[in-house]
Each structure stands twice: as C-alpha cells, then as structure tokens.
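What follows is the residue order along each chain.
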Amino acid sequence: MGRAFVYVILGGGVAAGYAALEFARRGVAHGELCIISEESVPPYERPALSKGFLLPEDPARLPSFHTCVGANEEKLTPKWYRDHGIELVLGTRVKSADVNRKTLITAVGETISYKILIIATGARALKIEEFGVRGSDAENVCYLRNLADANRLVSVMQSCNGGNAVVIGGGYIGMECAAALVTNRIKVTMVFPEAHCMARLFTPKIADFYEDYYESKGVNFIKGTVLTSFENDSEGKVTAVILKDGTRVPTQMVVIGIGIRANTSLFEDQLTVEKGGIKVNGRMQTSNNSVYAVGDVAAFPVKLFGGDIRRLEHVDSARKTARHAVDAIMAPEKTGDLDYLPFFYSRVFTLSWQFYGENKGEVLQYGDFSSGRFGAYWIDKGRIVGAFLEGGSREEYEAIAKAVKLKVAVKDTAEVERQGLEFALKVSQLVIPEGGGVVVEKQVYNWHAAAGVAAAASIAAFAYWYGRRRRRW
Ligand SMILES: Cc1cc2nc3c(=O)[nH]c(=O)nc-3n(C[C@H](O)[C@H](O)[C@H](O)COP(=O)(O)OP(=O)(O)OC[C@H]3O[C@@H](n4cnc5c(N)ncnc54)[C@H](O)[C@@H]3O)c2cc1C
C-alpha cells in the first residue's frame, strides 16, 4: 500500500507548522502536501512545554499553542489542515527513507512517496544511558522534549507536591524546569558539571545573577560534578541520586536536561552531514536537489558568520528556516540565500532574556546586575558579534539585535561599556543600513564626534528600512 504527494514534510514540530503555513500562503493545492509525524497532535510551539504548560494554575494546553501562535500568526488547528487540504499523518514514525527512489516507509509498512521532501525531524533528548548511567526508565525520572514527556512531567510533579526534585543539567531545559518545579512548590537541587549554569552562553557574572536569583527561590546548586547512579525503592522509583563526588541527594523525582541530538539517522548514509546536522545550502537544500532540511536538524550557512555552517537548536531558527525552504521551493527565482540573525531567548520566573549573534571574542558587560537590568556585548575583530539583554523592552531587544545584525564597529570598548544599552539604542536610530559596515562605523563615530549630526535624515532612512524589516520579522 502507498500514497503519493508532491510535497512531504517529515516531522511534525515547530518547523513543520511554519512550513505548512507558508505552503498555504503560497497556494499549495489540496492533496499536494502531507506532514508525517511521530507525535499524535499537529505541530505546536514546543517552547510552551517548559513554560506555560508547567504552570500550576491555568496551564497552557492544546489547542492554545499550536503553531503558529508563537509568531503571532494563525493558529493551525486540525480543522485548519483539513480546510487547506493538507494531509496529517500523525502518530506515525518513518523508519526508513530512500532519497533516490523518493520514498519513505513508515513503521506500519506504508510507502509514502514525494517529489520534494522537507526533513524537519528536529532532535531528541540525550539519555543518561548514552553516558553510561542506567535508570531512565524509572517512573519518576523525566525528560522534556515532546508533549508526552510534558504530560508525564506534570503528573510526576503533581504527585511530588511539597517534595524534592533533582534537576540534572544546567542548560535552558534544566533552568526552565527548575523554575517550573519551584513554582509548583517543589524544592529543587540542580546538578551540573560546569562551573556555572548556562555555560555555553552565560559569562560567570551573568550566571551569578541567575544562580543568586534561583537560590533566593530556594534552589540548591551542586556544580562541577555529574550523576553516576540512582538509588531505587522496591518498586523501582528513584529515591536518591548519587554523584561522582560522592554526594547522595535524596529525592522524589528527577528531571534530566543534558542536551539533544539531531534526528539525522534516516539520512546519514544518503545526504551530507556536518556539525551533527544535515548540511544544506542557503536555500535549505541538501546534497540531494529534491530534499530540504530545516529546524534543529539542519546545518546551514550563516551569512552573518561569514557563511560558517551552524546547526541551531532554537525556535526562531526553526520558524525562519522552514519558511525559507518553502519560499525556495515555491518561488525559486525570487528566493536567495537565507540571511539569518541567530536569536534565542528564555523566560523563567519573572525574568526574561534575549540573545542575538554569537558569544565570541571579548565581552563587555553593562547595567545594574543587582536590579536585573543588565546586558553584554561580545566584540570580535573590532565589531559587535553578539548581544545579551535581561529585562529589556521590545524596543531595546530590537536595538541590540540591530547592533549585531549590522556588526557595528567598536573602537573604544570602554566607551561602549560605559554607555551599555544606550549604545545600541543610539546606533539603531542613526544607522543607514544600505551603506553596509563601513558606513555604519562612520555613522556611529560621527555621532560620537557631534551628537545629532544628520540625525533627521538618518532616522528617516532608518524608519523606512526598519518598517520593511519589521514586516519580515
Ligand atoms: C521544552 C522545550 C523548551 C524550549 N524552549 C525554547 C526557548 O525558550 N527558546 C528557544 O529559542 N528554543 C526553545 N526550544 C527549542 C525549540 O523548541 C526547537 O528549536 C524547535 O522545536 C525545533 O523545531 P523542529 O521543527 O526543528 O523540531 P521539533 O519541534 O523537535 O519537531 C520534530 C518533529 O519530528 C518528529 N519526528 C522525528 N523523527 C521522526 C520520524 N522518524 N518519523 C516521524 N516523525 C519524526 C518528532 O516527533 C517531532 O514532532 C525549546 C525546546 C524544548 C524541548
């Protein structure tokens, strides 16, 4: 048995939802597009699983966070897919693929063929077993990648109210889950091997702020060590975690967030793989012309980083790479290479941060760390390449994004550090982008020399350009 479609999206996560919306906007005909997903529900905004979904009161539940509500777009409910003639093949795992024959075979043996395939298989949570530790199958050990995991986490949390939890891992899943557990009145101990939380992104000073904040909410940190084993009761439930440094932490539940691995396995011997993902060009096209890859599974050239191939694990990248792939498929002559500004964010308790670009080179930190209004710029080869901001307004986040996008030149780092956020805000108002980097540099330093010079003309040009950018964001 088998079915045939013009377009098939393999995977039903964030990228699939945004790709479907773009296909619909571009007038895909009824019956041409199919989404195959192992999950039993249509695409949803995955970040909600560690945020609104875990709230003790009035938690987010589907259908409220189906894609594409996260980008203030239409909510794609099952009815939406029906109305647009898009076939959803849910609860179905694809177990093999043949890119030469253009076929996928599902776990129940159905062959689904395509003319164009978009791989949107995302990533899976790394298991402790991959690091030689056993015990993931205990009923009070949780991971968090999909809706089934989130439902399980909620039920374990509910049975643990007023008790203790250990969170293994200090990345964003660990940090967001720890915050959710605290909000659910569970006392949390976080364990991770690094010297501070969010080690891949935060500087020690930024991490100190969040760790102090978490400690003020009762979270205990055990750093510089790893989980080696569990102690279990007679029913197999974990009762304590044992750490490499010999510490024993009694607990009623465990949440593990130790990273992810892209779901590339179906294609590893058929397509070029790089940086742990399926390599694509600037149009999200793989080494096979009929196959595209988007979202967490794709490794794509980031223009801003000189075309360096990167695999990003963030929702904004999933949304934008998905749309770009559909543009490249449906309007090839009008679609160039993706020009993407890497962006990610997190929200915990009442805190909220955004980061743009990359954290490379010298770091300049500014603001008031005691009041939670602070940020950082990363300067590489004399230009801003990354920016972080906690507690910003929309306008402020847009300003730091622009400073990175335009790779603003920095001659006097002490002055930029002193100005802090003001620097980005001023740059965002004075830049005329058509001139590229060199003009940017001049404009910034013209401003230093004589504040207000040419401001009116620049602001008008900026407003025009910015209006165009906003519509694209
Ligand atoms: C809990 C959580 C919170 C997050 N919070 C943030 C955040 O605050 N900010 C941020 O920037 N990013 C966040 N992210 C990351 C963001 O959600 C991902 O970058 C994004 O979901 C990637 O989208 P994707 O479509 O590539 O993959 P996914 O959304 O993971 O979708 C992949 C889909 O493919 C399906 N699939 C895989 N293999 C097969 C197969 N063989 N057959 C059939 N189906 C298959 C999966 O079941 C899944 O439905 C978070 C992620 C998680 C898990």
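Residues numbered from 1 in each chain as written. Predicted model: local features only at pLDDT ≥ 70, side-chain atom pairs only at ≥ 80, totals over all residues.

- Within an unreviewed UniProt entry, the label attached to the chain reads monodehydroascorbate reductase (NADH), and the organism entered is Iris pallida.
- In the Catalytic activity (unreviewed entry) part of its UniProt record, the chain is described as follows: "2 monodehydro-L-ascorbate radical + NADH + H(+) = 2 L-ascorbate + NAD(+)". (UniProt positions renumbered as here; feature names shortened; annotations may be inferred.)

1. Describing the UniProt feature "domain: Monodehydroascorbate reductase 3-like C-terminal" (unreviewed entry) in the chain
- Under the UniProt annotation, "domain: Monodehydroascorbate reductase 3-like C-terminal" (unreviewed entry) lies at residues 341–424.
- The span residues 341–424 shows a helical share of 27% and a strand share of 43%, and its end C-alpha atoms are spaced 16 Å apart. (Helix = DSSP H or I, 4+ residues; strand = E, 2+ residues; numbered from the N terminus.)

2. Considering unusual backbone geometry
- Residue Leu62 is joined to Pro63 through a cis peptide bond whose omega torsion reads 15°.
- On the secondary structure map, Pro63 appears in the loop between strand S3 (33–36) and helix H2 (78–83).
- Notably, Lys102 is not glycine yet its phi reads approximately 60°, a positive angle.
- Turning to its location among the elements, Lys102 is positioned in the loop between strand S5 (94–98) and strand S6 (103–106).
- The class for Lys102 is partly exposed, based on 18 C-beta atoms found within 10 Å. (Buried ≥ 20, exposed ≤ 12 C-beta atoms within 10 Å, placed from the backbone.)

3. With respect to the site of the ligand
- Taken together, 36 residues form the shell around the ligand, and within it Gly11, Gly13, Ala15, Gly122 and Gly295 come nearest.
- Contributions of two or more residues to the shell around the ligand are made by helix H1 (14–25), helix H6 (315–330) and strand S24 (343–348).
- Broken down by class, the residue content of the shell around the ligand amounts to 17 nonpolar, 11 polar and 8 charged.
- When residues of the shell around the ligand are sorted by domain, at least three fall in each of domain 1 (2–122 + 261–334) and domain 2 (128–258). (Near = placed C-beta within 6 Å. Nonpolar A, V, L, I, M, F, W, Y, C, P; charged D, E, K, R; others polar. Domains from an automatic or database assignment.)

4. Some remarks on the confidence of the model for the chain
- The pLDDT averaged across the chain works out to 92; a share of 91% of its residues lies at or above 70.
- The least confident element of the chain is helix H11 (residues 455–472), whose mean pLDDT is 34; the most confident is strand S21 (residues 291–293), at 99.
- Every residue in residues 434–473 scores below 50 in pLDDT, and together they form 30 contacts with partners more than four places removed in sequence or on other chains. (pLDDT = per-residue confidence, 0-100. Contact = placed C-beta atoms within 7 Å.)

5. Describing the sheet that holds strand S20 (residues 277–279)
- Within the open sheet, the 4 strands sit side by side as S19-S20-S22-S23. Their pairing is mixed. Of all strands in the sheet, those bounded by a partner on one side alone are strand S19 (273–274) and strand S23 (308–310).
- The pairing of S20 with strand S22 (residues 298–302) spans 2 bridges and is parallel. Bridge assignment links Ile278 to a residue of S22, and that residue is Ala298. (Pairing = 2+ DSSP bridges.)

6. Thoughts on the environment of Gln419
- With respect to the helices and strands, the residue Gln419 is situated in helix H8 (residues 413–419).
- Along the backbone, Gln419 and Tyr366 are 53 residues apart, and their C-alpha atoms lie at a distance of 7.9 Å.

7. Things to note about the nonpolar core
- Formed by 77 residues in total, the largest nonpolar core has its most connected members in Ala178, Val254, Ala387, Ile400 and Ala403.
- Per-element accounting of this core gives the leading share, 8 residues, to helix H4 (residues 172–183).
- Residues within four places of Ala178 in sequence aside, it is in contact with Val167, Val188, Met190, Tyr214 and Val219.
- Leu76, Leu88, Phe267 and Val302 belong to the second largest nonpolar core, which has 61 residues in total. (Core = buried A, V, L, I, M, F, W, Y, C linked by C-beta atoms within 7 Å.)

8. Remarks on the domain arrangement of the chain
- Domain boundaries in the chain define domain 1 (2–122 + 261–334), domain 2 (128–258) and domain 3 (350–466).
- Each side of the interface is counted separately: domain 2 has 6 residues, and domain 3 has 8 residues.
- Grouping the constituent residues of the side of domain 2 that touches domain 3 by class yields 4 nonpolar, 1 polar and 1 charged.

9. Concerning the pairing of strand S14 (residues 227–232)
- Inspection of the sheet shows S14 paired to strand S15 (residues 238–243) by 5 bridges, in the antiparallel sense. If you follow Asn232 over to S15, its bridge partner there is Val238.
- Where S14 hands over to S15, the hairpin turn is made up of 5 residues, of which Gly236 adopts a positive phi near 95°.

10. A word on the packing of helix H7 (residues 394–405) against helix H9 (residues 421–430)
- Relative to each other, H7 and H9 sit at 75°, their axes nearing to 8 Å. It follows from the interaxial angle that H7 and H9 lie roughly perpendicular. Contact residues: Glu396, Glu398, Ala399, Ile400, Lys402 and Ala403 in H7; Leu421, Ala424, Leu425, Val427 and Ser428 in H9.
- Its residues placed into classes, the contact of H7 with H9 shows 7 nonpolar, 1 polar and 3 charged. (Axes fitted to C-alpha atoms, helices over the stretch in contact; angles between N-to-C directions. Parallel < 35°, antiparallel > 145°, perpendicular 65-115°, else oblique.)

11. Here's the deal with the sheet that holds strand S11 (residues 164–168)
- The 5 strands lie next to each other as S10-S17-S11-S12-S13, forming an open sheet whose pairing is parallel. In the strand order of this sheet, the two ends are held by strand S10 (141–142) and strand S13 (220–223), each with one partner.
- Two strands pair when backbone bridges link them, and S11 and strand S12 (residues 187–192) are joined in this way by 5 bridges, in the parallel orientation. Note that in S12 the partner of Ile168 across the bridge is Val191.

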